[in-house]
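Here are the chains, one letter per residue:
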Amino acid sequence: MKPRLVVSSALVVTLLVVCASMLAHHGNTAYDYQHPTTITGNVTEFVWSNPHCQIYLDVKDEKGNLVSWSVESQSPGILRRNGWTRDSIKPGDHIAVTLIPAKSGAPVGFSGEKLGKVVFDDGHILKMDMR
């Protein structure tokens, strides 16, 4: 009877450890959901990869200084369902990104779900709300 108890206990502990790490990946406590904002700048890089695509852009702050922002977005699968491709955003594009900024004030944010969108100078919009 004891070997079964040991094996069962080990399986339960393993399951808890695996599940806890999966939940931790989707924690967004670092972002300030109470103060969404829109930043405008020039794209320096767009990374189309799992688990989340990244948009890097240079943005001028209130003093005119150039600040390099990193914006975490949705997965390539979610973006594709919203009409995106790996070439939807290119270095040099001038865009406005609506995002949830970091609570720390660092130039990073999350753009996705109902709020997330990218607006180009010509007016076309890429959304991220369809899961």
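Residues numbered from 1 in each chain as written. Predicted model: local features only at pLDDT ≥ 70, side-chain atom pairs only at ≥ 80, totals over all residues. Heavy atoms only, no water.

**Quick word on the pairing of strand β4 (residues 94-101)**
For β4, the buried fraction is high: seven of the eight residues fall into the buried class. Here strand β1 (residues 37-47) pairs with β4 via six bridges, running antiparallel. Its bridge partner lying in β4, G41 is registered against I95. Pairing between β4 and strand β6 (residues 117-120): four bridges, direction antiparallel. Across the sheet, the residue bridging to T98 is K117, located in β6. In this sheet, strand β5 (residues 108-110) lies alongside β4 in antiparallel orientation, the contact comprising two bridges. In the strand pairing of β5, P101 is matched with G109. Counting the residues between successive antiparallel strands, the hairpin from β4 to β5 contains six residues, one of them, G105, with a positive phi of roughly 90°. (Buried < 20%, exposed > 50% of the residue type's maximum accessible area, 1.4 Å probe, protein only. Helix = DSSP H or I, 4+ residues; strand = E, 2+ residues; numbered from the N terminus. Pairing = 2+ DSSP bridges.)

**Things to note about the environment of N42**
Topologically, N42 is positioned in strand β1. In sequence terms N42 and V59 are 17 residues apart; their C-alpha atoms lie 6.8 Å from each other.

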